[in-house]
Amino acid sequence: MTSGVSRAAPLLEKIALNPVQKEAVLYDQGPQLVFAGAGTGKTRVLTAKIAWLIRHKNVAPGRIFAATFTNKAAREMQRRVEDLADLPCAGLWIGTFHSLCARILRREALRLGFPPSFSIFDADDQLACVKKVAKALSLDERTMPPRLVLSAISRYKNACVPPAGLAGTGKSFFESEIIRAYGAYQESLRAQQAMDFDDLLSNCVYLLRDNPNVLQKYQSSFSHVLVDEYQDTNTAQLHLVKLLGAAHGNVFVVGDDDQSIYAWRGAQVENILTFEKAFPGTKTFTMEQNYRSTGPVLSFANAAIEPNTMRAKKRLWTGRQGGASVAVIRYRDDRHESESVCDAVNKCVQEGVRPSDIAVLFRTNAQSRLFEDSMRKRRIPYVLVGGTSFYERREIKDCLAYLRLCVNPKDDISCQRIVNVPPRGMGDKARERLEVRSRELGKSLLQTILDDPETAGYGRGQKGLLELRDIFALLADLIAQQESPHELLTQMLSLTDYLTMFEGEDSEEAQSRIDNVSELVNAVSFWTEENPGKGLSDFLEEISLAADIDRWEQKADSVNLMTLHCAKGLEFGRVFIVGCEDGILPSRQNFDDSAKIEEERRLFYVGITRAMDGLAVSHADQRWRFGSCIPQTPSRFLAAIPRELYEYVDKSGVFAGEERKAPKARLREPAAESQEPAYRHEDFSQETVQFRMGQHVQHKLYGRGKIVNLSGFGDDMRIIVLFNDGARRKMMAKFADLETS
DNA sequence: CCATCACCACTTTTT
DNA sequence: GTGGTGATGG
């Protein structure tokens, strides 16, 4: 051990660790549980641990299996590990459970009766598939809404309960019907050679559980298993950790039960609370020193989480001195809230806070709209994380469906999506006919179209079907010639005349759809360049497993708008938590259940603990929902926090133009802490702010285009503009000489 | 038989 | 504000 420590020196010098953190990194006697409160350096420990293993324990990167919560976190961690260990770590198995499982499943697919190129179904596809199955089983839509059926199926899968053993075990008509649907749904997926998100985990568990030689292969292949955000793991993930870690016991998990916010999708806090039982001989480390937040923010956080009963008692503390008090602000209505918050954001920026260090957090995506409006009005650059993400837009999903069919012709859900897009005369009747025919032939929809488009009965759809057959025949040729994903996409667009569908109408909506498609073309060609040697199916997998947060780049100097869920694991200088009202936070749908209320409280806690220097929490007296104005009451969570822990500012009686009479806004930079990275004040002029993502610009030489990327600020701001001629040009904002329209 | 328009119930959070 | 569904017109 002594020699270990001295050899540790180079690495430990590069990263400051407190005694508990250091102990956790150096310990090597089996299972480890690290209870890491918010802001206590969880990521730091995990990163140092991996680097330590590689650099000083001579563990090959390929023998480390590390599960993070997002792909973005994985990328960042890999970068930091490489930096710390001073070695490239290309072989490291690091990623979300879903992408790690996908990686294993692609290799072993044949053992499960899937081709390695199996499709991955996202939430939309899942729902479409459930609907299809429900129709085939003639389930009543009223009593068995597809969403409900899907979530029940998801629960079974998260618990690793396959449909086989369930037949006849239903305790009610409802349950029996669900079980029936579950079986049929799985069959449908298999026929389409597809797995949904949940399958990635559960199939991986079945694979390891039922194939001793495969299990042995992966058990001996990985010598260490590490898991971040362990409080948000579900039963399937627990099984995986057990299966992979059982042989050597080198299991290292980090988490915080107070930040468990995913029980609704099957996560079990019990996993972290009973870790020691699952892994006998576990050594537990507890980190309670918070390095992130000021005293007032931390006291507020501690008080906020205090009422929860189902938690391991702990209390965070900070060595940071001073700090502005937390502000709780009351507004008249939601509009007033968004306008005032944006004013406050502006003020922060004028004080020298970088926009990217500011976040506005809300409970539901629907709340973002007002803030976007208010930000735009003030020309404050912002990034919205989440909402309907780029890859979920209709036009994008259409394009991807074509590409997916190229990779997997059995993907009926994708085929169904595009048979009549763009419209080619395939109505309900013709589609039904096609489906019957495909069942008769025992072939997939696309295969039926390719083999047998002439059978009578398609009516007006006949012509369209022949078109479709030719399109896919041509695309198949391109695939055979190993054409790049980029080539396939552009060919597909021209073969189908996809864009003319929108070119006819002159709405802003149609224009934005066209823009989105050309952005997809760009993304594909960019990806093709970045990933030489990888194919279309790799691209599609990456897209379906990417979360919104994965595409988020904080460096674009913009204010961040996101849901509380999205904010997990991040930190910001100034945080605004908005819409803190009963019915929103906590959500009305969780009123009935105390366990769910506790989860909502943890969500609130997660939001609070994102803040480093300043926190403002707001609520409004009334809010537009369902198209009418509804009176709101402040969140019960606020009521439970002692009054002396925050400054209450009532702006509900203040009208526009009178803001100055209102009590002084809080969120002032504490004098002692103004160590913000150098930020030249004069740089944040209108000139800098004039550019934002998605903005249309005009260039003397290149013509009209759209900003697709922003980075840096002031004189250093760089932008990437996608011009209408299809070219993508990087330029310095300072010299670009663009006209904004 | 298909496409378009008007109207309806629903929106929590996401890998 | 929207998306899925139902009536009507082409």
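Quick notes on the rules
- Residues numbered from 1 in each chain as written.
- Chains lettered and ligands numbered in written order.
- Predicted model: local features only at pLDDT ≥ 70, side-chain atom pairs only at ≥ 80, totals over all residues.
- Heavy atoms only, no water.
- Helix = DSSP H or I, 4+ residues; strand = E, 2+ residues; numbered from the N terminus.
- Buried < 20%, exposed > 50% of the residue type's maximum accessible area, 1.4 Å probe, protein only.
- Areas by Shrake-Rupley, 256 points an atom, 1.4 Å probe, with all protein chains shown as cover.
- Phe/Tyr/Trp six-rings, centres within 6.5 Å; stacked < 30°, edge-to-face > 60°.
- Lys NZ or Arg CZ within 6 Å of the ring centre and 35° of its normal.
- Polar contact = N/O pair within 3.5 Å; in protein donor to acceptor, adjacent residues only side chain to side chain.
- Contact = heavy atoms within 4.5 Å.
- 1 Å grid on protein atoms, 1.4 Å probe; cavity = no way out; pocket = protein on both sides within 12 Å on 5 of 7 lines; lining within 4 Å.
- Points joined across faces, edges and corners; volume = space filled by probe spheres on them.
- Nonpolar A, V, L, I, M, F, W, Y, C, P; charged D, E, K, R; others polar.
- Pairing = 2+ DSSP bridges.
- Axes fitted to C-alpha atoms, helices over the stretch in contact; angles between N-to-C directions.
- Core = buried A, V, L, I, M, F, W, Y, C linked by side-chain atoms within 4.5 Å.
- Near = heavy atom within 4 Å.
- Expected span 1.5 Å × (residues − 1).
- Parallel < 35°, antiparallel > 145°, perpendicular 65-115°, else oblique.
- Left-handed = near helix turned anticlockwise from the far one by under 90°.
- pLDDT = per-residue confidence, 0-100.

Per the secondary structure count, chain A includes 29 helices and 23 strands. Taken over 741 residues, chain A has a buried fraction of 55%. A total of about 32,700 Å² of accessible surface is found on chain A, and carbon and sulfur atoms cover 50% of it.

Enumeration over the complete set of coordinates arrives at 15 aromatic pairs. Relative to Phe-604, the ring of Phe-300 has its centre 6.5 Å away and its plane inclined at 75°; by these criteria the two rings are edge-to-face. Placement of Phe-300 in helix H14 (residues 295–305) and of Phe-604 in helix H26 (residues 594–608) is noted, with a sequence separation of 304 residues between them. Between Phe-604 and Phe-637, the ring centres sit 5.9 Å apart and the planes meet at 20°, which makes this aromatic pair stacked. Within this pair, whereas Phe-604 is found in helix H26, its partner Phe-637 is found in helix H27 (residues 636–639), the two being separated by 33 residues in sequence. There is no split in this pair, since Phe-604 and Phe-637 are both buried. Feature note: the residues Phe-65, Trp-93, Tyr-218 and Phe-222 constitute an aromatic cluster, connected by ring pairs. Positioned above the aromatic ring of Phe-69 is the side chain of Lys-568, whose terminal nitrogen or guanidinium carbon lies 3.5 Å from the ring centre. For the cation-ring pair, Arg-636 lies above Phe-591, with the distance from its terminal atom to the ring centre recorded as 4.5 Å.

Once that is clear, we can look at the side chain of Thr-233. Within the secondary structure, Thr-233 is located in the loop between strand S6 (224–227) and helix H11 (235–245). Side-chain polar atoms of Thr-233 contact the side chain of Asn-271, separated by 3.1 Å. Here Thr-233 is in contact with Phe-97, Val-227, Ala-267, Gln-268 and Asn-271, once residues within four sequence places are set aside.

Another point: empty space enclosed by the protein. The tally for this structure, following the rule as stated, stands at 1 cavity of 30 Å³ or more. Here the largest cavity defines a volume of roughly 40 Å³. As for the largest cavity, its lining consists of Gly-37, Asp-256, Asp-258, Asn-302, Ile-305, Arg-311, Lys-314, Arg-315, Leu-316 and Tyr-605. The class makeup of the residues in the lining of the largest cavity is 3 nonpolar, 2 polar and 5 charged.

Once that is clear, we can look at the sheet that holds strand S2 (residues 64–68). With respect to topology, 6 strands assemble into an open sheet ordered S3-S2-S6-S7-S1-S8, the strand pairing being parallel. Pairing within the sheet leaves two strands with one partner each, and these edge strands are strand S3 (93–96) and strand S8 (283–287). Strand-to-strand twist across the sheet, computed as the mean angle between neighbouring axes with direction ignored, equals 10°. Two strands pair when backbone bridges link them, and strand S1 (residues 32–36) and S8 are joined in this way by 5 bridges, in the parallel orientation. Each residue of the ladder has a partner; that of Leu-33, found in S8, is Thr-284. Seen against the sheet, H11 touches S2, S6 and strand S7 (251–255) and runs at an angle of roughly 160° to S6.

With that out of the way, let us pick up the nonpolar core. General note: in soluble globular proteins, nonpolar side chains tend to be found buried as a group. Judged by nonpolar contacts, the single largest core of 45 residues is most densely connected at Phe-65 and Leu-200. At the level of secondary structure, the elements contributing two or more residues to this core comprise S1, S2, helix H5 (97–108), helix H9 (197–210), helix H10 (212–221), S6, H11 and S7. In terms of residues, this core owes the most to one element, H9, which gives 7 residues. Judged by nonpolar contacts, the second largest core, of 44 residues, contains Cys-399, Leu-400, Leu-434 and Leu-475.

Around DNA strand B, 25 residues are found, and the nearest of them are His-98, Arg-363, Asn-365, Ala-547 and Gln-589. Of all atoms in DNA strand B that approach within 4 Å of the protein, 57% are sugar or phosphate atoms. Between DNA strand B and Asn-365 there is a distance of 2.9 Å, counted from a phosphate oxygen to a backbone nitrogen or oxygen. Taking Gly-425, its main chain carries an N or O atom lying 3.5 Å from a phosphate oxygen of DNA strand B. Examining the composition of the surface near DNA strand B, we find that 3 residues originate from one element, helix H19 (residues 428–441), more than from any other. Looking at the surface near DNA strand B residue by residue, the class counts come to 6 nonpolar, 12 polar and 7 charged.

Attention now moves to H26. When the terminal C-alpha atoms of H26 are compared, their 21 Å separation across 15 residues agrees well with the 21 Å that a helix rising 1.5 Å per residue should span. Every buried residue of H26 is listed here: Ile-597, Glu-598, Glu-599, Glu-600, Arg-601, Arg-602, Leu-603, Phe-604, Tyr-605, Val-606, Gly-607 and Ile-608. For H26, the capping residue at the N-terminal end is Asp-593, with a side-chain oxygen 2.8 Å from the backbone nitrogen of Ala-595.

Turning our attention to the packing of helix H3 (residues 42–56) against helix H4 (residues 71–85). One can describe the packing of H3 onto H4 by two numbers: an axis separation of 9 Å at closest approach and a directional angle of 50°. Accordingly, the angle class assigned to the pair H3 and H4 is oblique. Here the hand of the crossing between H3 and H4 comes out right-handed. Taking contact as the criterion, the partners of Thr-43, Arg-44, Leu-46, Thr-47, Ala-48, Ile-50, Ala-51, Ile-54 and Arg-55 in H3 are, on H4, Met-77, Arg-80, Val-81, Leu-84 and Ala-85. Grouping the constituent residues of the contact of H3 with H4 by class yields 9 nonpolar, 2 polar and 3 charged.

Attention now moves to the environment of His-56. Mapped onto the elements of the fold, His-56 is located in helix H3. The spatial distance from the C-alpha of His-56 to the C-alpha of Ser-138 is 61 Å, given a sequence separation of 82 residues.

The next thing to look at is H4. Compared with the 21 Å implied by 1.5 Å per residue over 15 residues, the 21 Å span of H4 between its first and last C-alpha is a close match. Regarding H4, the residues found buried are Asn-71, Lys-72, Ala-74, Met-77, Gln-78, Val-81, Leu-84 and Ala-85.

On average, chain A scores 84 in pLDDT, and the residues at 70 or more come to 84%. Overall, residues 1–7 carries pLDDT values under 50, and its contacts beyond four positions in sequence, including any with other chains, amount to 4 contacts. When the criterion is pLDDT under 50, residues 712–716 qualifies, and its contacts beyond four places in sequence or with other chains add up to 15 contacts.

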